[in-house]
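# Working through the structure, step by step
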Amino acid sequence: MNGAEALIRGMEKEGVEHIFGILGGAIMDVYDVLFDNSTIKHLTCRHEQVAVFAASGYARASGRIGTCMATSGPGACNLVTGLTDAYMDSVPVVAVTGQVPTTAIGGDAFQEADVVGITMPITKYNYLLERPEDVPLTVKGAYYLAGTGRPGPVLIDFPKDIQQASIKNYKTPKTVHFGGYNPVLDPHPRQIALAVKALMNAERPLILSGGGVIISNASTELLKLAELLGIHITTTSLGKGAVPEDHPLALGMVGMHGKRWSNNAVQEADVLFAIGTRFSDRITGNPKYFAPKAKIIHADIDPSEIGKNVEVDIPIVGDAKRVLSAMLQVAKKASKKEMSRREKRTEWGKRIEKWKREFARDINYDAVPIKPQLIVREVQKIIDADPKNTIIATEVGRNQLWCMHYMNIRNPRNWLTSGGLGTMGAGFPMAIGAQVARPEARVLNMAGDGSFQMTMQDLATCMTYGIPVVNIIFNDSSLGNVRMWQALFYDKRYSETDLKNNPDFEKLADAYGAWAKRVERPGEVGEAIHEALKSGKPAIVDIAVDKDETVYPMVPPGGVLHEMLDE
Amino acid sequence: MGEKIHILVALVENKPGVMQRISGMFSRRGFNIDSLSVGTTEDPHHSRMTITVRGDNRVLEQVVKQMNKLIPVIKVRDLSEKTSVSRELCLIKVSTSKQDSRAEIAQYVDIFRGNIIDVSLDSMIVEITGDTDKINAFIKLMQPYGIKEVSRTGITAMHRGHKSVKDQKK
Ligand SMILES: Cc1ncc(C[n+]2csc(CCOP(=O)(O)OP(=O)(O)O)c2C)c(N)n1
């Protein structure tokens, strides 16, 4: 057995079923193994960036680890954006890159790049394989690190001579151990007791859920705790779907593009219980004035997130599911007297409900050009018809913000968005990966015309493997979100935001053999999306939208949460 | 706000690239390193680093947490001045072209318990060990003679008494 085969056998043992990638000279030995006998299916993409984002979408939608592969130098460098994105959003991805032979490393050989150096700050960990006998433990270690603790991307850089070298006494390792890596999963009981007490005694409590709750599959526990204590829940962008957003206690998203009532609730709360979130600036606005009246409880699996951006009163280190289960147990044992304090909060509940009524938005769904909110409303109908099996991916820009703000996601892992990095072109490949992981689901990618053109060449991949992702383009012939900032903050000086020569997306789809329709009338939106889904093919619904519609309400950058810009 | 110099000691895996991971993390997150020294330990699998960083307690807490987050970092300890000893080695090449300077410098070296380890016609190299203050003081004394070159190792440090870094939890 050689190194390349050891890699593939190791991956099979780890349960890998799919690899997204593109081969090249320095990784040919691995692909040669894949050629005859492997249970792993490889999907060739049209760009390595798509391969890594597909692996990320695969992981986000399924909770399994996504795998991607590329050759050395240019192939590996094309993974950089996707790895950074996965690192920011805590997505478990394993990337394998070919490398020039160890004997050539350091000599600027053809297609040599210092991939371990380049990816050090954007991976949870990375390896350069220097001895063939290290392959089995490295594969085991890579999947272990990617998937445990706070998940993240791990890269294995695999020199060609090590791929070819034979391994004596090949054995698959049963376990792997890192002296410096012992994630704390179980929370400290004292902290749990303090947190529950603080929430029980609160008059204006609020829960802020991040993506960590979804990663840890803790949605049920979160909802149970919220219901038991009667506390409303707001979420971050990655936390969408942690609890059903149409639940009476769910407030929708918070932050720069959140709901007004969520932002008001954060600013007025006396106890804020944040779990699985890193308090990004998109959530806090100016952190100095974030939740000024609240005692903050912060639970996270990554101790370095606690106290990083926001000062915390009750820190809890642990896995979200275990934290919430422990809190539930303590809360259930509470005395009648303690529980009766719940009544004190009816005032608070009423205040929140009042904000909800006060700030409900009136949208003219019949307007021409089409209001983007209409598209969200039509897609919402599709979600509501089968929430469990409808996955929504988004690109980046206003398309994403409309969905973040207006869409009710009802299940975890059905909302895929590039949260931390905000990468245009991520949505379509994530949708591809999600569809591969969950073939029974309907996958829609909510796209901008700018973002979609960053990765649209992979319509070819969809055709090859029968991946019927439906792309819904909010077509405003511009880099709309930036154009909007120019309107709001740069005196309408529209520097370089017009996209003049957008393709005819119907013809584009036709060239690939995909389904497409252009829509310009509000009445045709719903029908077109249905037809696209019915076609069973990769599809584009190209919808001309009002380019001047502003994403209101909005917290200006560096602003305070309850001071939102509005019409 | 309470900015101080802290001495951190880290036990790390003895593997290529570990230094790069740590120094990269420091620069990426905007932490200021005053000095960093590395060497092997009694266990060939581990290296030991001593890092001096500048910052208030909040910065220090983040530095420690971010270091712990790196996979090859096994343990990090913040050594307080009171319960630890720290030393630095410094080589100073100083000019001896002025009259009588050779004898004067030799006297200073004696007082500071240093060593003269190289002598040439118009310069000598002095080796001096101690904590940062002592070395700074010696360098100041040498300035009037004309310092040609200074090389400092950075601080290395240890707990006083029985306690060792290995005994502590990560
Ligand atoms: C890869 C990348 N490049 C640039 C940006 C900066 N940026 C943020 S939103 C945006 C415009 C997005 O345009 P489009 O995809 O058409 O979406 P819209 O806002 O019009 O809905 C740009 C250029 C980015 N987020 N990602």
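Predicted, not measured: the structure shown is a model, and the values here were computed from it.

What counts and how
- Residues numbered from 1 in each chain as written.
- Chains lettered and ligands numbered in written order.
- Predicted model: local features only at pLDDT ≥ 70, side-chain atom pairs only at ≥ 80, totals over all residues.
- Heavy atoms only, no water.
- Near = heavy atom within 4 Å.
- Polar contact = N/O pair within 3.5 Å; in protein donor to acceptor, adjacent residues only side chain to side chain.
- Areas by Shrake-Rupley, 256 points an atom, 1.4 Å probe, with all protein chains shown as cover.
- Helix = DSSP H or I, 4+ residues; strand = E, 2+ residues; numbered from the N terminus.
- Nonpolar A, V, L, I, M, F, W, Y, C, P; charged D, E, K, R; others polar.
- Core = buried A, V, L, I, M, F, W, Y, C linked by side-chain atoms within 4.5 Å.
- Buried < 20%, exposed > 50% of the residue type's maximum accessible area, 1.4 Å probe, protein only.
- Domains from an automatic or database assignment.
- Contact = heavy atoms within 4.5 Å.
- Pairing = 2+ DSSP bridges.
- Right-handed = clockwise from strand over helix to strand, strands pointing away.
- Axes fitted to C-alpha atoms, helices over the stretch in contact; angles between N-to-C directions.
- Patch = residues over 30% accessible without salt bridge, like charges linked within 9 Å, V, L, I, M, F, W, Y side chains within 5 Å.
- Salt bridge = Lys/Arg side-chain N within 4 Å of Asp/Glu carboxyl O.
- Buried area = accessible area lost by both parts, 1.4 Å probe.
- pLDDT = per-residue confidence, 0-100.

### Structural notes on the site of the ligand
Residues and elements named next belong to chain A. In the vicinity of the ligand lie 17 residues, with Arg398, Gly450, Ser451, Asp476 and Asn481 positioned nearest. A distance of 3.3 Å separates a nitrogen atom of the ligand from a polar atom in the backbone of Met424. Here Gly480 contributes a backbone N or O atom positioned 2.9 Å from an oxygen atom of the ligand. For the ligand, whose free accessible area comes to 590 Å², the fraction covered by protein is 77%. Among the elements of the structure, helix H18 (398–406), helix H20 (449–455) and helix H22 (480–489) are those that each provide at least two residues to the shell around the ligand. Here the shell around the ligand gets 4 residues from one element, more than from any other, and that element is H20. Here the residues of the shell around the ligand sort into 5 nonpolar, 9 polar and 3 charged.

### Overview of the nonpolar core
Residues and elements named next belong to chain A. Grouped together as the largest cluster of nonpolar side chains are 51 residues, with contacts concentrated most on Phe20, Cys68, Phe452 and Ile540. It is helix H3 (residues 48–62) that contributes the most residues to this core, 9 residues altogether. Residues from two domains meet in this core; each of domain 1 (3–164) and domain 3 (372–544) gives at least three. Beyond its immediate sequence surroundings of up to four residues, Ile540 is in contact with Phe452, Leu459, Asn471, Ile473, Phe505, Leu508, Ala509, Trp515, Ala516 and Lys517. Core analysis: the second largest hydrophobic core is formed by 37 residues, Met253, Met404, Trp415 and Met446 among them.

### Concerning the pairing of strand S1 (residues 18–21) of chain A
All names here are of chain A. Neither face of S1 is open: one carries His18 and Phe20, the other Ile19 and Gly21, and all of them are buried. Sheet topology note: the S1/strand S2 (residues 41–44) ladder contains 4 bridges and is parallel. Within the sheet, the bridge partner assigned to His18 lies in S2 and is Lys41. In the classification by handedness, the crossover that spans S1, the intervening helix H2 (residues 28–36) and the parallel S2 is right-handed. The pairing of S1 with strand S3 (residues 66–70) spans 2 bridges and is classified as parallel. Residue pairing across strands places Phe20 opposite Cys68, the latter belonging to S3.

### Focus on the sheet that holds strand S4 (residues 73–79) of chain B
Residues and elements named next belong to chain B. With respect to topology, 4 strands assemble into an open sheet ordered S2-S3-S1-S4, the strand pairing being antiparallel. Each edge of the sheet is formed by a strand with only one pairing partner; in this case those strands are strand S2 (32–40) and S4. When the angles between neighbouring strand axes are averaged without regard to direction, this sheet yields 20°. Pairing between strand S1 (residues 4–13) and S4: 6 bridges, direction antiparallel.

### Examining a nonpolar patch on the surface
A surface patch of nonpolar side chains, about 220 Å² in accessible area, is lined by Leu89, Leu91 and Ile117 of chain B. Turning to its location among the elements, Leu89 of chain B is positioned in strand S5 (residues 84–95).

### A short note on the interface of chain A and chain B
Where interface size is quoted, it is often the accessible area lost as the parts come together. If you look at the interface, chain A gives 24 residues, while chain B gives 20 residues. Taking both sides of the interface into account, the surface hidden between chain A and chain B amounts to around 1,600 Å²; carbon and sulfur atoms contribute 50%. It is Met120, Tyr125 and Gly180 of chain A that lose the most area in chain A upon contact with chain B, and together they represent 34% of the buried surface on that side. Counting across the interface, chain A meets chain B through 2 salt bridges. Between Arg58 of chain B and Glu311 of chain A there is a salt bridge, and its shortest N-O distance comes to 3.6 Å. Inspection of the region where chain A meets chain B yields 6 residue pairs in polar contact (both at pLDDT 80 or more). Of the residues assigned to the side of chain A that touches chain B, the class counts are 10 nonpolar, 7 polar and 7 charged.

### Section: the confidence of the model for chain B
Residue and element names in this part refer to chain B. Of all residues in chain B, 98% attain a pLDDT of 70 or more, and the chain-wide mean is 93. Looking across chain B, the model is least confident in S2, with a mean pLDDT of 92, and most confident in strand S7 (residues 123–130), with 98. Taken over the whole predicted complex, pTM reads 0.96, whereas the ipTM for its chain interfaces reads 0.91.

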